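What the coordinates show
Residue-level listing of the chains:
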Amino acid sequence: MTGPPCRRWRLCCRRAGAGSAWVAPLLSSSAPCKGGRSSATRVGWISDIIVVVSPENIETMKSIVEKYGHKRVTVVKGGITRHRSIFNGLKVFAENEFSNHLLQKPEVVIIHDAVRPFVEEDILSKVVMAAKEHGASLCFVSQAAGAIRPLVSTVIASAADGFLDHSLERARYRASEMPQAFLFDIIYEAYQQCTDYDLDYGTECLHLALKYCKTNAKLIEGTADLWKVTYKRDLYAAESIIKDNLSQQVCVITDVKEVVAQAGSLLRESLQSQIKVEAMSASLSKNDSHLQNILSGHCYNFVCVNDKKCAIQETQQLVDVLEKSNIPLLYPVVLILVHLDVSENISFSLGMEELTRIKKFARELKKKNILVYGLLIQYKDQLLLQETVNSAAAVIMALIKDRNPELIGQLLVA
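These remarks concern the structure in this document. Since this is a predicted model, take the numbers as computed values, not measurements. (Residues numbered from 1 in each chain as written. Predicted model: local features only at pLDDT ≥ 70, side-chain atom pairs only at ≥ 80, totals over all residues. Heavy atoms only, no water.)

1. Brief notes about the environment of Leu 183
For clarity, the threshold we go by: Here a strand is any run of E in DSSP of at least two residues, a helix any run of H or I of at least four, and the numbering for each starts at the N terminus. The cut-offs for exposure are 20% and 50% of the maximum accessible area for each residue type, with area from a 1.4 Å probe on protein chains only; residues under the lower value are buried, those over the upper are exposed, and the others partly exposed.
Structurally, the position occupied by Leu 183 is in strand β8 (residues 177-183). Of the residues examined, Leu 183 reaches a relative accessible area of 22% and is grouped as partly exposed. Taking C-alpha positions, Leu 183 is 8.9 Å from Ile 110, a pair spaced 73 residues apart along the chain.

Quick look at the structure:
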């Protein structure tokens with residue numbers, strides 16, 4: 001999905017209401033999603049992004065925008081309630097109160113919650129197109145992606161004495177979720193007509209459009225990925241999803257030597273049952289265009305197979321390319337140095353000097369958000385090579401999925 005044609009759109013992304021926790025990684029990273037481009041800054045047809053934050057976090061948010069190179073972003077001071085914050089975001093296109101200069105008024109505006117970090121471009125496109133046709137559009141979540149189902153729990157009302165008053169017929173109702181999209185003139189007019197009670201106690205933008213502009217919303221089928229990061233336990237779930245989404249692809253780079261190429265081929269075959277594998281061989285300079293294509297596909301995992309005791313110099317070429325790509329700027333990149341030990345000596349072939357160099361190399365790259373691990377494959381017996389490679393593949397997958405910064409610089413043995 002490349003987005004709506006012939007028009008650029010605006011997105012107003014508000015943080016959680018005043019007093020709630022502000023989670024910088026989720027706001028800045030806009031976590032990667034399977035099957036779609038997830039960060040609003042990567043969606044080319046969104047021309048402006050308004051991030052509304054509490055006054056005490058404005059400078060922090062501006063520093064995040066600058067640090068991570070986000071473009072088209074304007075940071076705006078939020079209000080004391082949800083609706084007042086959204087209204088402040090909309091005023092950037094119509095008033096000078098919250099910005100040094102007016103942005104060009106959009107035809108359609110998308111309103112989204114920053115606490116829903118897994119929104120995909122496809123759903124943004126759908127609500128925008130529906131808003132253009134119907135005036136406003138809403139995305140509601142089913143319990144399974146792509147399915148429209150009743151609310152999970154029945155909604156009830158309690159009487160003043162604390163006893164049950166009545167319950168709603170669950171099959172008739174759906175949960176209202178974000179993103180929501182509107183013709184700008186409609187939603188801005190609705191907010192201009194709002195009462196103080198609406199601004200202080202209301203929560204539903206679609207209701208304002210209906211109440212003040214007689215605009216019915218078109219309901220668009222959403223996905224299960226639009227859930228909110230609300231409680232502390234949700235942070236662990238979000239971290240797990242991010243790690244899983246970063247673990248979908250690996251690039252295996254092998255030396256051209258016959259014995260290394262053989263081990264690299266076996267390693268790729270073993271990994272392919274668990275993850276998408278891109279393969280490269282020879283020097284990076286000769287495969288630079290191939291590597292750039294892999295990076296453009298947002299690959300965050302690299303395995304370098306070599307029989308040299310300490311191939312840091314060769315690995316540095318890859319690090320240089322990664323840094324130029326800015327990929328490690330947003331997400332941690334895993335780099336696994338696989339040493340193929342082909343020596344006849346039964347004793348451990350890597351000395352303390354080499355191990356110290358690997359640890360120092362890993363500590364330096366950790367500062368650049370690149371996690372370096374070492375892995376030793378001992379090639380003593382041709383008959384046992386496949387078994388050893390399978391063990392190495394299991395270790396590689398564990399390192400990729402866990403992305404544990406505490407293990408960097410360690411040499412693991414397959």
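2. With respect to the environment of Ala 238
Mapped onto the fold, Ala 238 is located in helix α8 (residues 232-245). Once the C-alpha coordinates of Ala 238 and Phe 118 are considered, the two residues, 120 residues apart in sequence, prove to be 8.8 Å apart.

3. Some words on the nonpolar core
As a reminder, the rule being used: In these notes, a set of buried Ala, Val, Leu, Ile, Met, Phe, Trp, Tyr and Cys residues joined through side-chain atoms within 4.5 Å is what counts as a nonpolar core.
One finds Leu 267, Leu 271, Phe 302, Val 303, Leu 335, Ile 336 and Ile 396 to be the most contacted residues of the largest nonpolar core, which totals 60 residues. Per element, the largest residue contribution to this core is 8 residues, and it comes from helix α14 (residues 385-402). Listed in part, the 27 residues of the second largest apolar core include Ile 50, Met 178, Ile 186 and Ile 187.

4. Side note on the packing of aromatic side chains
Within a pair of aromatic rings, the relevant descriptors are the distance that separates the centres and the angle that separates the planes. The cut-off we apply is this: In summary, the pairing rule links any two rings of Phe, Tyr or Trp, Trp by its six-membered ring, whose centres are within 6.5 Å, and it sorts them by plane angle into stacked for under 30 degrees, edge-to-face for over 60 and tilted for everything else.
Taken as a whole, this structure holds 7 aromatic pairs when the rule is applied. On the numbers, 4.9 Å between centres and 40° between planes, the contact of Tyr 197 with Tyr 201 is tilted. Note that Tyr 197 and Tyr 201 are positioned in helix α6 (residues 196-201) at a spacing of 4 residues, about one turn of the helix. For the pair formed by Tyr 197 and Tyr 201, the shared burial category is exposed. One aromatic cluster is present, built from ring pairs that chain together Phe 87, Phe 93, Phe 184, Tyr 188 and Tyr 191.

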